[in-house]
Amino acid sequence: MPRLDILRRRPVGLGPFQYGLAVESGIVPDGTMRLIFILPLLLATACQGNETVAAYGAGNGSWQLTEIDGVPFPARATLSFPEPGRIAGEAPCNIYSGRMDAPYPWFEAKDLAVTRRACPDLAEETTFFEGLSAMTLSEISGDTLILSTPDGREMVFTKDQP
């Protein structure tokens, strides 16, 4: 006979989650038992480190933009991952920083802070920031970082050589 201080009888109807002995016997673990099973899972996810693209090969060094949507990018623009959850770099005219904490392979540039310096390459800078803000996926292949969207847009970066 099961220990009633650990298990208790409950109505059998669990909706779409009906499975196993719990439904057949009408015995479902109480809150303490659920906590014992869930707590290790919660602790494991809380202890995980950086799961962004930086942790999968993009975190060391700087990346230089070479093309947007298959067209060579005519100005200098870089992207780096200085610490977990952060991005930074140089756009054609200004420097920028922001957040990027989406787990790999996702990419989401958020809360970008950009200096306000004018230069002849402002059109290229606008193209760069519009592209960077639209990207949702990332892929690392050797010295190449590809940011993309589901509809086929791409930004291709190559590893800056020191």
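Residues numbered from 1 in each chain as written. Predicted model: local features only at pLDDT ≥ 70, side-chain atom pairs only at ≥ 80, totals over all residues. Heavy atoms only, no water.

Now for the pairing of strand β11 (residues 154-159). Pairing of strand β3 (residues 62-68) with β11, which is carried by 5 bridges, proceeds in the antiparallel orientation. When the bridges of β11 are listed, isoleucine 68 appears paired with methionine 155. Direction of pairing for strand β10 (residues 144-148) relative to β11: antiparallel, over a ladder of 5 bridges. Residue pairing across strands places leucine 147 opposite methionine 155, the latter belonging to β11. If you look at the hairpin formed by β10 and β11, you'll find 5 residues sitting between the two strands, and glycine 152 has a positive phi there, around 100°. (Pairing = 2+ DSSP bridges. Helix = DSSP H or I, 4+ residues; strand = E, 2+ residues; numbered from the N terminus.)

Take the confidence of the model for the chain next. Summing up the model confidence of the chain, the mean pLDDT is 79 and the portion of residues at 70 or higher is 69%. Confidence over residues 6-23 falls short of pLDDT 50; this stretch has 24 contacts with residues more than four positions distant or in other chains. The model gives residues 38-48 a pLDDT under 50, and that stretch makes 1 contact with residues more than four places away or in other chains. (pLDDT = per-residue confidence, 0-100. Contact = heavy atoms within 4.5 Å.)

The next point concerns the state of the cysteines. Taken as a whole and judged by the stated rule, the model has 1 disulfide. Note that cysteine 93 is cross-linked by a disulfide to cysteine 119, the S-S spacing being 1.7 Å. Note on the cysteine 93 and cysteine 119 pair: the S-S dihedral is about -60°, so by sign convention the disulfide is left-handed. Taken as a pair, cysteine 93 in the loop between β6 (86-90) and β7 (95-99) and cysteine 119 in the loop between β8 (110-114) and α3 (122-134) lie far apart in primary sequence, 26 residues in all. What makes cysteine 119 partly exposed here is its relative accessible area of 23%. (Disulfide = S-S within 2.5 Å. Buried < 20%, exposed > 50% of the residue type's maximum accessible area, 1.4 Å probe, protein only.)

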